[in-house]
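Residue-level structural notes
Spelled out from the first residue to the last, the chains are:
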Amino acid sequence: MGDTGSMLLFVGSGVAVTLLVGWLFLRLRRRDLLDKAENILNLARKEAEIQARDVRALAEQDIARSRAALQQTETGLAQERARLETRADELGRRESYFNSRRAEIEALRDQVERQSQLYRERLRAAGTLNEEQLRAALREEVRTESAAELRDLRNQLHNRAETELQEESRRIMIDSLQRLTSTVPAEIGATLVKLPNEEMKGRIIGREGRNIKSFESATGVTLMIDETPDTVLVSSFDPIRREVARLALERLVADGRIHPASIEEQVKKADEEVRHNFSVLGEKAIARLHVTGVHPELVSLLGKLHFRLSNNQNTLDHSIEVASIASFIASELGLDPEPARRAGLFHDLGKTLNGDHPGSHALAAADLLRSYGEDPRVINAVAAHHQEVPPESVYAPLLLIADAASAARPGARSESIEGYLQRVHALEDIARGLPGVTEAYAMQAGREVRVIVAPEKMDDEAARSLAQELRRRIEGQLNYQSPIKITVIRETRFSETAK
């Protein structure tokens, strides 16, 4: 019995141990499965985050592209809306003009109808006159009244047309000049060269003046060494020579060795550098205007214009300015801006030929362009920009206008007192040469002329005709940059003295 109890206790203990081991095994297995499940969940979560990030990036790219496309569409719509609004404004102006013209025509028609009714009543009342007398009286009355009406109508239409043309031309010129950026010219006929000290002046002069004589002989300029401290003045009317002399003198001063041999060497190097700069400056000019297909020789001549002045205005800058203005005006008028731009750029090339051409610089430039196969429209515009040959296309008067606008721009040129006085006197002399003029005065620096006429010799219509004749004579006989206002004064005065 005791053995049986021990056996049962042993078996019970084994079963308990077995159950405990099984429970522990199951617990460890469950923990392992939970860890694997958690790892799988973490991995799935990470993959989901990566996929979500990729999807988000793709969505953001799609949104950015959609936004850019939408913005581009909105820009296009805004431009189209602006164009339509401009067109609508233009149509509105035209409609207003046509409505006013229709109202005027209807008023004239009503007036004619009233006059016709009046004539019929007069004819019925004139029973004592025969048919021929009635016709003669009617013709005379119609002629008298129609002449006055036609004169008034002609004056109204002339004033309206001239006002509209002036407003449109003023708008085009203002728009063209506003798009132009330029500076006031500062070039003069002399150049200052700074020296490191006063001792350098003596080295430039040299023993018995041999250095300065050699320098002036090699460059063709005049060196003015006066009391101004640390400064030498290079004077010459030829800007190319002046530039060569300036470069050579600055290099000699920097080197310190100044003698006839070094002077000749530096002058030669400076001359080569300036001539190389011709092409550089010409290339910059055509690149600035986006002009293509220019022969290298023409490019070099364009650069040479940089060293020429016209009334203190740099000729290359003036040519670029004329090209810009001409192309702007051509665009406003619906013309091809390329021929206008090329004509403006090339119009003063003849000034670089140094008298090699027997004609004017305009004709010389035209012959030069013709030899390089330039557009015939450009050649004729250049040849005609001083009215020496008749224009063959609209680009010739367009170039003339752009040239005058560039020269007349405030601050563009400096004018001598003698030239100003000559222009003013010529303007007054032309006005005094017309019949019926008692006195003429040029005002506002020659931009206005006031003409006083004898009232007993001409009526208002004759005074108007005199103003038109004076305008034609000024346009045909004078060269001027800015518009000239013409004012004709016809005044009658009556005076009495009470005693």
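Just so you know, these numbers come straight off a predicted model, no measurement behind them.

Concerning the overall build of the chain
Looking only at helices and strands, the chain has 14 helices and eight strands in total. Looking at the chain residue by residue over its 499 residues, the buried ones come to 29%. Restricting to contacts in the chain with at least 6 residues of sequence separation, those with at least 24 account for 60%. Element-wise, carbon and sulfur atoms account for 55% of the exposed surface of the chain, whose accessible area totals about 32,600 Å².

Points about a nonpolar patch on the surface
Together, Met-7, Phe-10, Val-11, Val-15 and Leu-19 make up an exposed nonpolar region whose accessible area comes to about 530 Å². The residue Leu-19 is located in helix α1 (residues 2–125) in this model.

Here's the deal with the environment of Ala-463
Here Ala-463 shows up in helix α14 (residues 460–477). Among the residues examined, Ala-463 registers a relative accessible area of 9% and is labelled buried. Each C-alpha atom, one on Ala-463 and one on Thr-487, is 9.9 Å from the other, the two residues being 24 residues apart in sequence. Ala-463 has contacts with Met-458 and Val-488, leaving out every residue within four places of it along the chain.

Looking at the packing of helix α5 (residues 239–255) against helix α6 (residues 260–289)
Between two packed helices, what matters for the description is the angle formed by their axes and the separation of those axes. Two numbers describe how α5 lies on α6: the axes approach to 8 Å, and their chain directions differ by 130 degrees. Taken together, the axes of α5 and α6 lie oblique to each other. The element α5 and its partner α6 pack so that their crossing is right-handed. On α6, the residues touching Ile-240, Glu-243, Val-244, Leu-247, Ala-248, Arg-251 and Leu-252 of α5 are Ser-262, Ile-263, Gln-266, Val-267, Lys-269, Ala-270, Asp-271, Glu-273, Val-274 and Phe-278. Taken together, the residues that form the contact of α5 with α6 break down as ten nonpolar, two polar and five charged.

Brief notes about the confidence of the model for the chain
Looking at the chain as a whole, the pLDDT averages 78, with 81% of positions reaching at least 70. Note on residues 183–187: pLDDT under 50 across the span, and nine contacts to partners over four residues away in sequence or across chains.

What to know about the packing of aromatic side chains
As enumerated under the stated definition, the model contains one aromatic pair in all. When the centroid spacing of 5.7 Å and the interplanar angle of 55 degrees are considered together, the rings of Tyr-97 and Phe-98 count as tilted. In this structure Tyr-97 comes out as partly exposed when scored by relative accessible area, which is 35%. With a relative accessible area of 48%, Phe-98 lands in the partly exposed category.

Points about the sheet that holds strand β7 (residues 448–453)
Pairing is mixed in the open sheet, where three strands are placed in the order β6-β7-β8. The open sheet has two free edges, formed respectively by β6 (437–443) and β8 (485–490), since each of these has just one partner strand. Within this sheet the neighbouring strands show an average axis-to-axis angle of 15 degrees, counted without direction. On top of the sheet, α14 reaches β6, β7 and β8; it is set at about 150 degrees to β8, its chief contact.

A look at the side chain of Thr-352
Note on placement: Thr-352 falls in the loop between α9 (337–346) and α10 (361–371). Within the structure, Thr-352 has its side chain in polar contact with the backbone oxygen of Leu-349 (distance 2.7 Å). When sequence neighbours within four positions are dropped, the list of residues in contact with Thr-352 reads Leu-301, Lys-304, Leu-305 and Arg-308.

Describing the pattern of salt bridges
In total, this model carries 25 salt bridges according to the counting rule given. Here Arg-341 makes a salt bridge to Glu-338, at a shortest N to O gap of 2.8 Å. Placement of the pair is Arg-341 and Glu-338 together in helix α9, with a separation of three residues, close to one helical turn. Residues participating in the shared-partner salt-bridge network are Glu-338, Arg-341, Arg-342 and Glu-374.

Brief notes about the nonpolar core
Of all hydrophobic cores here, the largest spans 65 residues; its most connected members are Ile-204, Phe-215, Leu-249, Leu-345 and Leu-349. With nine residues, α6 is the single largest residue contributor to this core. Those residues in contact with Leu-249 that sit more than four places away from it in its chain are Val-193, Ile-204, Phe-215, Leu-223, Val-232 and Val-234. With 18 residues, the next largest nonpolar core counts Ile-430, Ala-431, Val-449 and Val-451 among its residues.

Topic: unusual backbone geometry
Despite not being glycine, Glu-208 shows a phi value in the positive range, around 55 degrees. With respect to the helices, strands and loops of the structure, Glu-208 is situated in the loop between α3 (199–205) and α4 (210–219). The residue His-290 is not glycine, and still its phi comes out positive at about 60 degrees. Looking at where His-290 falls in the secondary structure, it is placed in the loop between α6 and α7 (296–304).

Concerning helix α11 (residues 376–383)
Judged by how many residues are buried, α11 sits mostly within the fold: six of eight residues are covered. When we look at burial in α11, the residues that qualify are Val-378, Ile-379, Asn-380, Ala-381, Val-382 and Ala-383.

Quick word on the side chain of Asp-348
On the secondary structure map, Asp-348 appears in the loop between α9 and α10. For Asp-348, a relative accessible area of 2% puts it in the buried group. Residues contacting Asp-348, with those up to four places away along its chain left out, are Leu-305, Thr-315, His-318, Ser-319, His-361 and His-385.

Section: the environment of Ala-245
Topologically, Ala-245 is positioned in helix α5. Residue class for Ala-245 comes out buried when judged on its relative accessible area of 0%. Apart from the residues lying within four places of it in its own chain, the contact partners of Ala-245 are Phe-215, Thr-219, Val-221 and Val-234.

Notes on the pairing of β7
Here six bridges tie β6 to β7, and the two strands are oriented antiparallel to one another. Its bridge partner lying in β7, Met-443 is registered against Glu-448. Relative to β8, β7 is paired through six bridges, and the arrangement is parallel. Within β8, the residue paired with Val-451 across the bridge is Val-488.

Criteria and thresholds
Residues numbered from 1 in each chain as written. Predicted model: local features only at pLDDT ≥ 70, side-chain atom pairs only at ≥ 80, totals over all residues. Heavy atoms only, no water. Helix = DSSP H or I, 4+ residues; strand = E, 2+ residues; numbered from the N terminus. Buried < 20%, exposed > 50% of the residue type's maximum accessible area, 1.4 Å probe, protein only. Contact = heavy atoms within 4.5 Å. Areas by Shrake-Rupley, 256 points an atom, 1.4 Å probe, with all protein chains shown as cover. Patch = residues over 30% accessible without salt bridge, like charges linked within 9 Å, V, L, I, M, F, W, Y side chains within 5 Å. Salt bridge = Lys/Arg side-chain N within 4 Å of Asp/Glu carboxyl O. Axes fitted to C-alpha atoms, helices over the stretch in contact; angles between N-to-C directions. Parallel < 35°, antiparallel > 145°, perpendicular 65-115°, else oblique. Left-handed = near helix turned anticlockwise from the far one by under 90°. Nonpolar A, V, L, I, M, F, W, Y, C, P; charged D, E, K, R; others polar. pLDDT = per-residue confidence, 0-100. Phe/Tyr/Trp six-rings, centres within 6.5 Å; stacked < 30°, edge-to-face > 60°. Pairing = 2+ DSSP bridges. Polar contact = N/O pair within 3.5 Å; in protein donor to acceptor, adjacent residues only side chain to side chain. Core = buried A, V, L, I, M, F, W, Y, C linked by side-chain atoms within 4.5 Å.

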